[in-house]
Amino acid sequence: FRALFDESPVAALLLDSAYRVIGANRAACETVGYDVDELIGKDPETLIHPDDRPAHRRMRDEMQLGSESESAERRLVHRDGRLVWTKLSVRSIAPGGGLRHYLVVLENFTDRKIFEEQLQVALRDQQTLFETMSVGVAQTMSGKILLANREFAEMFGYSDGEVIGMPLWDLCVD
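Residues numbered from 1 in each chain as written. Predicted model: local features only at pLDDT ≥ 70, side-chain atom pairs only at ≥ 80, totals over all residues. Heavy atoms only, no water.

The next point concerns the side chain of H49. Structurally, H49 is set in the loop between α3 (36-39) and α4 (53-64). Judged by its relative accessible area of 16%, H49 is buried. A distance of 3.0 Å separates a polar atom in the side chain of H49 from the backbone nitrogen of D51. If near-sequence neighbours (up to four positions away) are discounted, H49 is found in contact with R75, L76, V77 and L83. (Helix = DSSP H or I, 4+ residues; strand = E, 2+ residues; numbered from the N terminus. Buried < 20%, exposed > 50% of the residue type's maximum accessible area, 1.4 Å probe, protein only. Polar contact = N/O pair within 3.5 Å; in protein donor to acceptor, adjacent residues only side chain to side chain. Contact = heavy atoms within 4.5 Å.)

Next up, the structure:
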């Protein structure tokens, strides 16, 4: 177990019954920017972004009340101050029937989150450009209008939004 834990490419922390770190693998250390020795004895809540701490406390309470596993998205704060977006999954384990311990798995999806945010900005910019163009523009598929700006609708005597869903051929003059 120890070798699998230490060498896993997935970040993992092992917590004692008091919810203190008693083990951290290399991937976890890289994820948060601390050495194993610095993490041992630490409350993992100190690694969580302050805005996410209340939800994390509720999750911890659920685990300590007997829940077997919980998971949620959490923002961690790396040692250098940058945000690390993770899916934090906690599983209760009781070695040898003794006190409960907890295995915390941290799936880092920061790159995906950054990409999603950049995509949202690009889509907003595209929508703004589309809506403010001084020429008529429409997007069609299979002969139906999916999207059209105000200028396109006005070119055919319709108000903004009325042409959406219309067959393109209905706009042609006989």
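In this section: the environment of F130. Note on placement: F130 falls in helix α5 (residues 110-132). Taking C-alpha positions, F130 is 9.3 Å from R150, a pair spaced 20 residues apart along the chain. Discounting residues that sit within four places of it in the chain, F130 has contacts with V137, L147, A148 and N149.

We now examine the packing of aromatic side chains. All chains considered together, the criterion is met by three aromatic pairs. For the ring pair Y19 and Y102, a centre distance of 5.0 Å and an interplane angle of 55° mean the geometry is tilted. One end of the pair, Y19, is in the loop between β1 (11-15) and β2 (21-24); the other, Y102, is in strand β5 (residues 101-108), with 83 residues separating them in the sequence. The two residues Y19 and Y102 agree in class, both being buried. Centre to centre, the rings of W85 and F109 are 6.3 Å apart; their planes meet at 45°, and the pair counts as tilted. Here W85 is found in strand β4 (residues 83-93), whereas its partner F109 is found in the loop between β5 and α5, with 24 residues between them in sequence. The same class applies to W85 and to F109, which are both buried. Positioned above the aromatic ring of Y34, the side-chain terminus of K42 is 5.0 Å from the ring centre. One cation-aromatic arrangement involves K113 over W85; the distance from NZ or CZ to the ring centre is 4.4 Å. (Phe/Tyr/Trp six-rings, centres within 6.5 Å; stacked < 30°, edge-to-face > 60°. Lys NZ or Arg CZ within 6 Å of the ring centre and 35° of its normal.)

Across all of its chains, the model carries nine salt bridges by this definition. One salt bridge connects E45 with R57, and the closest N-O pair in it is separated by 2.8 Å. With E45 in the loop between α3 and α4 and R57 in helix α4, this pair connects stretches of sequence that are twelve residues apart. Taking the relative accessible area as the measure of exposure, E45 reaches 10% and is therefore buried. Residue R57 is classed as partly exposed on the basis of its relative accessible area of 38%. Taking the shortest distance from any N to any O, the salt bridge between R100 and E68 comes out at 3.7 Å. Of this pair, R100 sits in the loop between β4 and β5 while E68 sits in the loop between α4 and β3 (69-77), and the two are 32 residues apart along the sequence. Within this structure, D43, E45, R57 and R60 form a network of salt bridges that share partners. (Salt bridge = Lys/Arg side-chain N within 4 Å of Asp/Glu carboxyl O.)

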